[in-house]
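Each chain, letter by letter, is given below.
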Amino acid sequence: MWNKIINNSYLNHKDNTLSAIIINITNLSSNKYLIRRNYLQIIAENFNMLISKIFLNIKKIIRSLLIVYTRHAHHRNDNRFQRHKHWYNDNYYNNYKYNNVSGSKPKRSRLIKIIARIIIILLIILIVIYYPSYIKQILKILQTNINNISTIIQSTVTYTQPTINSTWVFQFFSIVNQYRQSTGAPLLQYCPWLDNFAHIRFETMIQNPAISHYNFDQDFDEYLSQYQNSLLIGEEVLYPDGYTPNDYAQNLQSEAPLHWKGLIDATYTYYGYYIGYGPTYAIVGSCAVTEIPGPNINVPQYLQSHGCSVELENVTWLVIELSNWCGESSINQLP
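These notes cover the structure that comes with them. Values in this document were obtained by computation on a predicted structure and should not be read as measured data. (Residues numbered from 1 in each chain as written. Predicted model: local features only at pLDDT ≥ 70, side-chain atom pairs only at ≥ 80, totals over all residues. Heavy atoms only, no water.)

## Here we look at the overall build of the chain
Scanning the chain from N- to C-terminus turns up 11 helices and four strands. Across the 335 residues in the chain, those meeting the buried criterion constitute 28%. Residue pairs in contact within the chain that sit at least 24 positions apart in sequence constitute 80% of those at least 6 positions apart. Total accessible area on the chain stands at roughly 22,400 Å², and carbon and sulfur atoms take up 56% of it. (Helix = DSSP H or I, 4+ residues; strand = E, 2+ residues; numbered from the N terminus. Buried < 20%, exposed > 50% of the residue type's maximum accessible area, 1.4 Å probe, protein only. Contact = heavy atoms within 4.5 Å. Areas by Shrake-Rupley, 256 points an atom, 1.4 Å probe, with all protein chains shown as cover.)

## Structural notes on the packing of aromatic side chains
Considering all chains together, one arrives at 19 aromatic pairs under this definition. Note on Trp-193 and Trp-325: the rings are 5.4 Å apart at their centroids and 70 degrees apart in plane angle, and the pair reads as edge-to-face. Within this pair, whereas Trp-193 is found in helix α7 (residues 193–205), its partner Trp-325 is found in the segment after β4 (309–323), the two being separated by 132 residues in sequence. A relative accessible area of 6% means that Trp-193 is categorised as buried. Here Trp-325 falls in the partly exposed class, since its relative accessible area comes to 35%. Judged by centre distance (5.7 Å) and plane angle (80 degrees), the ring pair of Phe-202 and Trp-317 falls under edge-to-face. Remark: Trp-317 occurs in strand β4 and Phe-202 occurs in helix α7; sequence separation between them is 115 residues. Ring pairing ties together the aromatic residues Trp-168, Phe-170, Phe-172, Phe-173, Tyr-190, Tyr-243, Tyr-248, Tyr-271 and Tyr-273, which thus form one cluster. (Phe/Tyr/Trp six-rings, centres within 6.5 Å; stacked < 30°, edge-to-face > 60°.)

## Side note on the state of the cysteines
As enumerated under the stated definition, the model contains two disulfides in all. If the cysteines joined by disulfides in the chain are listed in sequence order, their pairing comes out as 1-4, 2-3. (Disulfide = S-S within 2.5 Å.)

## As for the sheet that holds strand β3 (residues 270–284)
The four strands lie next to each other as β1-β3-β4-β2, forming an open sheet whose pairing is mixed. Where the open sheet ends on each side, the last strands, each with one partner, are β1 (189–190) and β2 (233–238). Judged from the six bridges that link them, β2 and β4 form a sheet pairing that is antiparallel. Residue pairing across strands places Glu-235 opposite Glu-321, the latter belonging to β4. Packing of helix α6 (residues 166–183) onto the sheet brings it into contact with β1, β3 and β4, and relative to β3 it is tilted by some 105 degrees. (Pairing = 2+ DSSP bridges. Axes fitted to C-alpha atoms, helices over the stretch in contact; angles between N-to-C directions.)

## Some points on the pattern of salt bridges
The final tally for this structure, using the stated rule, is two salt bridges. A salt bridge links Arg-201 to Asp-219, with the nearest nitrogen and oxygen atoms 2.8 Å apart. Of this pair, Arg-201 sits in helix α7 while Asp-219 sits in helix α8 (residues 216–224), placing them 18 residues apart in sequence. Asp-219 carries the same exposure label as Arg-201, and that label is buried. (Salt bridge = Lys/Arg side-chain N within 4 Å of Asp/Glu carboxyl O.)

## Section: the pairing of β3
One ladder, built from two bridges, connects β1 with β3; its direction is parallel. Bridging from a neighbouring strand, Gln-189 pairs with Tyr-270 of β3.

## Concerning a nonpolar patch on the surface
Residues Ile-114, Ile-118, Ile-121, Leu-122, Ile-125 and Ile-129 make up a contiguous nonpolar surface patch of about 550 Å² in total accessible area. Mapped onto the elements of the fold, Leu-122 is located in helix α4 (residues 107–130). Exposure remark for Leu-122: the relative accessible area of 47% places this residue in the partly exposed category. (Patch = residues over 30% accessible without salt bridge, like charges linked within 9 Å, V, L, I, M, F, W, Y side chains within 5 Å.)

## Here's the deal with the side chain of Ser-212
Mapped onto the elements, Ser-212 comes out in the loop between α7 and α8. Contact partners of Ser-212, with chain neighbours within four places excluded, come to Ile-292, Gly-294, Pro-295, Asn-296, Ile-297 and Val-299.

## A closer look at the nonpolar core
Nonpolar side chains in soluble globular proteins tend to end up buried together. Core analysis: the biggest nonpolar cluster contains 21 residues, and Phe-172, Phe-173, Leu-252, Leu-263, Tyr-271 and Ile-320 have the highest contact counts within it. Secondary structure elements with two or more residues in this core: α6, α9 (245–255), α10 (257–263), β3 and β4. Considering every element that reaches this core, the biggest residue donor is α6, with six residues. (Core = buried A, V, L, I, M, F, W, Y, C linked by side-chain atoms within 4.5 Å.)

## Looking at the environment of Cys-308
Its location among the elements puts Cys-308 in the loop between α11 (299–305) and β4. For Cys-308, a relative accessible area of 5% translates into the label buried. Along the primary structure Cys-308 and Ile-283 are separated by 25 residues, whereas in three dimensions their C-alpha atoms are 6.9 Å apart. Sequence-distant contacts of Cys-308, that is, excluding residues within four places in its chain, are made with Cys-287, Ala-288 and Leu-303.

Without other data, these values stay purely geometric and don't point to any function.
Encoded structure:
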């Protein structure tokens, strides 16, 4: 009893330490992101100041050119009007009407655009010639920060997505035990002795993922036959990747009631588990079938018979072995 208390205290201390480390790492990532963002903002402001200084006199230049052009055009048009007064009166409107059908603007507007484009091009050339190192530095910093931000976002997404590990499993069974307690069933206790058998079962099932709970009886006879008169084993094969423990418990109740019924069965009082990564048949698109109803079922045939499309893909397996007894001797492990 004392050893159990010490072990539980150690696990709780370990969990608190891990939680503190995760929180610190998260805060550090956020601070790094803020620092990079502020640094990038400062670079952008400096670049804007540089551009503002270069373009400071553009309006004055354009205004001066327009004044010169306007005076010249006015003088030229006045002379032409005096020399060809009748031609202007009779033909100008018709010429403009039929030769300007596209609705183009007068030549003055075109000239302004041309002048503005030339000035902009010249300024860009000047910047490239006189400030090449600064531009390269800005581009390099922008590229580095974009890459860093992408990495941070990716790591944040990876961090926020639940990872199936021992902590996830213990949280999941804590939720399961809350439901068991509400129904009067005894709480499930963790039994490391069952972990070895769960590992053996995983290695067997991935050899033929088309058959549900493939070769369970053969593995039981080989590794647990000496306990067959008193030992009851129930097996759950779950694929909880991407779920939180609470969300997955809710999902099982609504989408896989047979599997949920096994988890809260009062016959079982112990559990062991194994987390692996291997092939299984996954549903593509929508499907009315939400769980396989038993062992030794050809999974792809069963799903296809219900109008579902499937494909073989690698996913995270959670193999759970439920039992009414926890042995002290070790089960033969895999070679």
